[in-house]
There are 2 protein chains.
Amino acid sequence: MRIGSNLVLTAAEHFANEIFMKEKRNLIESSRLNRAVFFPSASFFQSKPLIEQSLLYQLIHTMPKGASLHIHDQSMVSLDWIIKNVTYRDNVYMCLWQQSYLIFQVFKTIPLNPDCDWKLVVRERKLCKDVAAFDLNLRNNLSLVVNDPFVNFPDNQAAWVKFSQYFRQVGQLLYFIPIFKEMLWQTMMEFREANILYMEVRVTYAGLYDLDGNTYKREYCTQLVKEVSEAFSQHYPDFIGMKIIFSGIRFQNVSDILDEVKDVMTLHKKYPDIVAGYDLSGNEAYFRPLHYYSDALMFPSQQDPSYRLPYFLHAGETNWQGTETGYNIVDALLLNATRVGHAYALSKHPHLMKLYKERDIPIEVQPLSNQVLRLITDFRNHPMVSLIADNFSIVISCDDRTTMDSAPLSHDFYIVFTAMSSDKADITLLKQLALNSIRFSTLNDSEKERAQRLWQTKWDKFINEVIQRR
Amino acid sequence: MRIGSNLVLTAAEHFANEIFMKEKRNLIESSRLNRAVFFPSASFFQSKPLIEQSLLYQLIHTMPKGASLHIHDQSMVSLDWIIKNVTYRDNVYMCLWQQSYLIFQVFKTIPLNPDCDWKLVVRERKLCKDVAAFDLNLRNNLSLVVNDPFVNFPDNQAAWVKFSQYFRQVGQLLYFIPIFKEMLWQTMMEFREANILYMEVRVTYAGLYDLDGNTYKREYCTQLVKEVSEAFSQHYPDFIGMKIIFSGIRFQNVSDILDEVKDVMTLHKKYPDIVAGYDLSGNEAYFRPLHYYSDALMFPSQQDPSYRLPYFLHAGETNWQGTETGYNIVDALLLNATRVGHAYALSKHPHLMKLYKERDIPIEVQPLSNQVLRLITDFRNHPMVSLIADNFSIVISCDDRTTMDSAPLSHDFYIVFTAMSSDKADITLLKQLALNSIRFSTLNDSEKERAQRLWQTKWDKFINEVIQRR
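Under the annotation held in an unreviewed UniProt entry, chain A carries the name adenosine deaminase and is attributed to Biomphalaria pfeifferi. Regarding chain A, the UniProt comment filed under Sequence similarities (unreviewed entry) reads as follows: "Belongs to the metallo-dependent hydrolases superfamily. Adenosine and AMP deaminases family. ADGF subfamily."

> Looking at this structure, I do not really get the state of the cysteines. What am I missing?
Each disulfide consists of one covalent bond between the sulfur atoms belonging to two cysteines. Tallied over the entire structure, the rule returns two disulfides over all chains. Note on cysteine connectivity: Cys95 of chain A is disulfide-linked to Cys116 of chain A, with sulfurs 1.6 Å apart. On the sign convention where negative means left-handed, the S-S torsion of about -75° between Cys95 of chain A and Cys116 of chain A marks this disulfide as left-handed. On the criterion of sequence distance, the pair formed by Cys95 of chain A in strand β2 (residues 92-97) and Cys116 of chain A in the loop between β3 (101-106) and β4 (119-120) is long-range, its members being 21 residues apart. As far as the burial class goes, Cys95 of chain A and Cys116 of chain A line up, both buried. The cysteine Cys221 of chain A is free of any disulfide, with Cys398 of chain A supplying the nearest cysteine sulfur at 19 Å. Its sulfur unpaired, Cys128 of chain B is 18 Å from the next cysteine sulfur, which belongs to Cys95 of chain B.

> What am I meant to see in the relation of the copies chain A and chain B here?
Two copies of a chain can be linked by a rotation about an axis combined with a shift along that same axis. Laying chain A over chain B is done by rotating through 180° and shifting 0.0 Å along the axis; what remains is an RMSD of 0.0 Å. The symmetry that links the two subunits is that of a two-fold axis. Interface residue correspondence from chain A to chain B reaches 100%, placing this contact among same-surface, isologous pairings.

> Is there a simple way to think about the UniProt feature "domain: Adenosine deaminase" (unreviewed entry) in chain A in this case?
Within this numbering scheme, the UniProt entry marks residues 149-450 of chain A as carrying the feature "domain: Adenosine deaminase" (unreviewed entry). Within residues 149-450 of chain A, the helical portion is 48% and the strand portion 14%, while the C-alpha atoms at the span's ends are 42 Å from each other.

> Honestly, the pairing of strand β8 (residues 241-249) of chain A in this entry has me stumped. Any pointers?
As a general feature of sheets, a regular strand has side chains that alternate between the two faces. Residues and elements named next belong to chain A. Across the nine residues of β8, eight count as buried, placing the element largely inside the fold. By the bridge criterion, six bridges tie strand β5 (residues 196-203) to β8 in an arrangement that is parallel. In the strand pairing of β8, Val201 is matched with Ile244. Across six bridges, β8 lies against strand β9 (residues 275-281) in parallel orientation. Pairing of Ile249 across the sheet is with Ser281, part of β9. Once the chain exits β8 it traverses helix α11 (residues 254-270) before rejoining the sheet at β9, and the crossover so formed is right-handed.

> Explain α11 of chain A to me, please; I cannot follow it from the model alone.
In an α-helix, one turn spans 3.6 residues, which is why side chains three or four residues apart end up on the same side. All names here are of chain A. Taking 1.5 Å per residue, 17 residues should reach 24 Å; α11 reaches 24 Å between its end C-alpha atoms and fits that length. Considered for burial, the residues of α11 that qualify are Ile257, Glu260, Val261, Val264, Met265, Leu267 and His268. Buried residues of α11, seen end-on, are gathered within an arc of 170° and therefore sit on one face of the element. Exposed residues on α11 whose side chains face more than 90 degrees from its buried face are Lys269 and Lys270. Its buried side turned inward, α11 meets α10 (218-235), β8, β9 and α12 (294-298).

> Just checking my understanding: could you explain the sheet that holds β9 of chain A for this structure?
Hydrogen bonds between backbone groups are what pair the strands of a sheet, and the pairing can be parallel or antiparallel. Residues and elements named next belong to chain A. Strand order in the open sheet made by the four strands is β1-β5-β8-β9, with parallel pairing throughout. For this open sheet the edge positions go to β1 (66-72) and β9, each flanked by a neighbour on one side alone. Going across the sheet, the axis of each strand differs from the next one's by a mean of 25°, ignoring polarity. Here helix α9 (residues 177-193) sits on the sheet in contact with β1, β5 and β8, set at roughly 140° to β5.

> In this structure, what is going on with the packing of aromatic side chains? I would like to understand it.
Two numbers describe a pair of aromatic rings. These are the distance of the centres and the angle of the planes. All names here are of chain A. Applying the stated criterion to the full structure yields 48 aromatic pairs over all chains. Seen in terms of ring centroids, Trp160 and Phe163 are 5.1 Å apart; in terms of plane orientation they differ by 80°. Their pairing is edge-to-face. Here Phe163 and Trp160 lie together in helix α8 (residues 156-174), a separation of three residues that amounts to about one turn. As far as burial versus exposure is concerned, Trp160 and Phe163 are alike and both buried. Summarising the aromatic geometry, the rings of Tyr278 and Tyr311 are spaced 6.5 Å apart at their centres and angled 65° between planes, so their arrangement reads as edge-to-face.

> Mind showing me how you'd approach the interface of chain A and chain B here?
When the parts of a complex come together, some accessible area is lost, and that lost area is often used as the size of the interface. Tallying the contact residues gives 45 residues for chain A and 45 residues for chain B. With both sides pooled, the region where chain A packs onto chain B buries about 3,900 Å², and carbon together with sulfur makes up 55% of that total. Ranking the residues of chain A by area buried against chain B places Arg32, Arg35 and Trp320 of chain A at the top, with a combined share of 20%. Between the two partners, chain A and chain B, sit two salt bridges. In this structure, the connection of chain A to chain B is made through 24 residue pairs in polar contact (both at pLDDT 80 or more).

> How should the UniProt feature "domain: Adenosine/AMP deaminase N-terminal" (unreviewed entry) in chain A be read in this particular structure?
Under the present numbering, the feature "domain: Adenosine/AMP deaminase N-terminal" (unreviewed entry) in UniProt falls on residues 1-60 of chain A. Between the C-alpha atoms that bound residues 1-60 of chain A the distance is 23 Å, and the span itself is 67% helix and 0% strand.

> Quick question: what am I supposed to make of the pattern of salt bridges here?
A side chain with one charge may pair with a side chain of the opposite charge, provided their charged atoms come close. Overall, the coordinates contain 64 salt bridges over all chains when judged by the stated rule. The closest approach of N and O atoms between Arg339 of chain A and Glu200 of chain A, which form a salt bridge, is 2.8 Å. Pair noted here: Arg339 of chain A is in strand β11 (residues 339-342) and Glu200 of chain A is in strand β5, with a separation of 139 residues, a long-range link. On the basis of relative accessibility, which here comes to 0%, the residue Arg339 of chain A falls in the buried class. Where Lys84 of chain B meets Asp135 of chain B, a salt bridge forms, and the shortest distance between an N and an O atom there is 3.0 Å. Of the two residues, Lys84 of chain B is situated in helix α4 (residues 79-84) and Asp135 of chain B in helix α6 (residues 131-142); the sequence distance between them amounts to 51 residues. One continuous salt-bridge network, built from bridges that share partners, spans Glu200, Arg202, Asp279, Arg339 and Glu364 of chain A.

> Looking at this model, I keep getting lost on helix α10 (residues 218-235) of chain B. Mind explaining?
Residues and elements named next belong to chain B. Taking 1.5 Å as the rise per residue, α10 with 18 residues should run 26 Å; its terminal C-alpha atoms sit 26 Å apart, in good agreement. Looking only at α10, the buried set comprises Arg218, Cys221, Thr222, Leu224, Val225, Val228, Ser229, Phe232 and Ser233. All buried residues of α10 fall inside an arc of 165° around its axis, so they share one side. Looking at α10, the residues exposed on the side facing more than 90 degrees away from the buried face are Gln234 and His235.

> Where do I start with unusual backbone geometry in this structure?
Most of the time, phi is negative for any residue but glycine, and the peptide bond is trans. Residue and element names in this part refer to chain A. For the bond running from Asp304 to Pro305, omega is 0°, close enough to zero to count as cis. You can see Pro305 is positioned in the loop between α12 and β10 (312-315). For Ala343, which is not a glycine, the phi torsion comes out positive at approximately 45°. Residue position: Ala343 is located in the loop between β11 and α15 (350-358).

> Before we go on, may I ask you to explain the sheet that holds strand β1 (residues 66-72) of chain B in this structure?
Residue and element names in this part refer to chain B. Taken in spatial order, the four strands of this open sheet run β1-β5-β8-β9, and their pairing is parallel. Sheet topology places β1 and β9 (275-281) at the edges, where each strand pairs with a single neighbour. Averaged over all pairs of adjacent strands, the angle between their axes in this sheet comes to 25°, without regard to strand direction. Its contacts with the sheet place helix α11 (residues 254-270) against β8 (241-249) and β9, and it is angled at close to 165° to β9.

> Please clarify how the environment of Asp210 of chain B should be interpreted in this entry.
Residue and element names in this part refer to chain B. Checked against the element boundaries, Asp210 lands in the loop between β6 (208-209) and β7 (215-216). For Asp210, a relative accessible area of 15% puts it in the buried group. Through-space distance from the C-alpha of Asp210 to that of Leu56 is 45 Å; in sequence the pair is 154 residues apart. Setting aside residues up to four positions removed in sequence, Asp210 forms contacts with Phe176, Ile177 and Tyr216. Separated by 3.0 Å, the side chain of Asp210 and the backbone nitrogen of Asp212 make a polar contact. There is a polar contact of 3.0 Å between the side chain of Asp210 and the backbone nitrogen of Asn214.

> So what exactly am I meant to see when it comes to the side chain of Lys162 of chain A here?
In this structure, Lys162 of chain A sits in helix α8. Despite being buried, Lys162 of chain A has no salt bridge partner; Asp405 of chain A is the closest side chain of opposite charge, sitting 12 Å away.

> Mind showing me how you'd approach the confidence of the model for chain A here?
Fine structural detail should not be taken from predicted coordinates in areas where pLDDT scores are low. Of the residues in chain A, 100% have a pLDDT of 70 or more, and the chain-wide mean is 97. Per the prediction output, this complex has pTM 0.97; the corresponding ipTM is 0.96.

> Can you walk me through the environment of Asp238 of chain A in this structure?
Residue and element names in this part refer to chain A. Within the secondary structure, Asp238 sits in the loop between α10 and β8. What makes Asp238 buried here is its relative accessible area of 18%. Sequence separation of Asp238 and Arg192 is 46 residues, and the distance between their C-alpha atoms is 8.6 Å. Look past the residues within four positions of Asp238 in its chain and what remains in contact with it is Arg192, Leu197, Leu454 and Lys458.

About the thresholds
Residues numbered from 1 in each chain as written. Chains lettered and ligands numbered in written order. Predicted model: local features only at pLDDT ≥ 70, side-chain atom pairs only at ≥ 80, totals over all residues. Heavy atoms only, no water. UniProt positions renumbered as here; feature names shortened; annotations may be inferred. Disulfide = S-S within 2.5 Å. Helix = DSSP H or I, 4+ residues; strand = E, 2+ residues; numbered from the N terminus. Buried < 20%, exposed > 50% of the residue type's maximum accessible area, 1.4 Å probe, protein only. Least-squares fit on C-alpha atoms with pLDDT ≥ 70 in both. Contact = heavy atoms within 4.5 Å. Pairing = 2+ DSSP bridges. Right-handed = clockwise from strand over helix to strand, strands pointing away. Expected span 1.5 Å × (residues − 1). Arc of directions from axis to C-beta. Axes fitted to C-alpha atoms, helices over the stretch in contact; angles between N-to-C directions. Phe/Tyr/Trp six-rings, centres within 6.5 Å; stacked < 30°, edge-to-face > 60°. Buried area = accessible area lost by both parts, 1.4 Å probe. Salt bridge = Lys/Arg side-chain N within 4 Å of Asp/Glu carboxyl O. Polar contact = N/O pair within 3.5 Å; in protein donor to acceptor, adjacent residues only side chain to side chain. Lys, Arg positive; Asp, Glu negative; His and termini not counted. pLDDT = per-residue confidence, 0-100.

As structure tokens, this is what we get:
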């Protein structure tokens, strides 16, 4: 009944599968029978080196994983690239905000009457005797990686405080146009290296700007993403590119969200190959529920003729069962969401589960993000375990990987394979998850066909490489 | 769809319900909207004082909760009673086993060539200047209560090591006949004080003994439980008494289990009013799976005429999905279990879930036990949340309360009401759980009718008392 159980393996896939399953069985049974901690279920910040040493991870990392459909623009590139590349550039300033954390921004010159004590990063680095220590300090200041997240972040809301801070820290830095452009390229490089061929990116648009301080609207951003994406896929014809899902934030007021919806609707009409739709993100348990914005979100459908702006709504990314927050999964359904982000609360609502299944609503699942934000501790208890076992339309993604040092998809796929599926769930699960990511993307039919062909070629090659290891 | 949603409240119950729901809403919303830790979901060892201060807990503690159907003989009385009463008795000896933990036993005189350096507890206590410190030391040595269980016990198996040790520590002490008898009485006192009217007790029979070192068989134990139970319910006519579920342990060999099954079958025939059936307990993920014992367990049904010995099987008390351990929930079904203990793994198997529901197999759920044994961290992720929301036949019990200082049922009911059900789940959930515990007990029809009547009288009185608070 689980995801992938309908697939029939070729002889070659069958041989490759034996290698995967030997590793999986050893991993599970050596923990069970020796009463040893099952590290894939432990804190990712502690298990990461153990995971990466394993053959299973190396196989999964090399495996063509299809598309990444739930990532956020400011937290999709590697943190190392931000530290080692971005902060080494001219005109990048930093400042200790309220004696608490560093914020970054690009200026031609420091503003008159600054609200913060801005310092040029390259100069500060030069003044510092130990460059490695300087860079490590920047890194630690930005990252959510801590020694023991279960102690450092007592619960989901405590983790959100630090998590929100990250966006305040890098938001201005990454929205400087030359950096933003190169970040798009670098991100595609990193995702392609992890054997991903397409991305849909949530863009919580806060205004791109240039060195003279001019800011630009969403359309400029759209054109820029289109340009970089096309250049990239021209250079790497095995990569399809990226599309944008513009996102509002759940603390904005209704009229601002309405303005965004109108703007995104126009862009969706004008750039259907690059603008996929709209979402609302941000701390769901703390800020406004979806129904608060229902008038704004229903605006497109109420036009004459009715316009269908696809919604990709974060909903139910919470441990609450019910409350305004929990019922976002009802409203996501009523608002006809094209896909739903997380739906972590869904398994607690049997009738809603049935409706999601009947209507085949794809769910974007990001296990590592859920652990780092302290919704789940042991992945074996993740609510999506039941839905994976029942063949819900699930895609796996990596959410805000920058903040937690995870690879594009690979770690999340590893967790699903080892800790969130049965000991009998084999390579068909991984294959179907890759296929789902193409199927539930917003690529049009011909693009999907191309993506599918590209993926299949890579998959066959991958299977052959795995078999060579025998 | 949830448990209790079919019940229609009387006007009085409706008023009482408002008090419950006001408290529940405040508890949830004050956490959600203030981003404060939701303490009912935290470690019980840290949340316990906060829980007990609450009006909601006091209401639930006073509420008639029906029967407790999943408890174990050596861990059902309060630890304080063991320390302050049992260890103060004559002839009770203690010994530091392998420089590691204390074990207790009753001797007329210390055995020749003892395997351990036995010391008379009363004498040691006298020699100690600080009696309170002495008793606290005994307590800490026996209890699983630690400051931070998530640190002290890194996982389920680490917790099991300490947990198993407890039974090694007190097993001989509590099986000394005079102590065992008084323990039965004291336990019924404590459960009755927590507004419970009936108990079914797992007895992992290790041989009752007297001061001369004579040991006695299961039949003696059965008669003794019958005698104490009848005396108690004569003295307290609002208490129905207790029945026994004899339990083997999963590390025994098949022929020993077969002998036990035969013995219990005979006792079940002879004492149908006191022997309810048979179970297998012990560390499920580490020891033998059910199917290992299938020949022994099928013995009664294979007699001519076939004999139905009711089974109350621990099954799926594990985080594993699949493995020999996980598939115990299949075998419990195939072995026609009258009730299943824990079935923690069930929600990961959609088809099995359906079968359990169709066949109306009652599941015994013990949330606190699952947390202390490190299966679950945040109760809001407990796999039974989905099954409670879908009206599975669930009864709540308190498993090994001695080891974790929990009240008979009250804390577990509190957790289910606050953290394992929707914000809309009201007093009908609690009422139905109490009704379930009578319905799914092994009381015969006339006993059930009496239990039901007794419960209803207490319930009506309780509702009236709650209303007086308004």
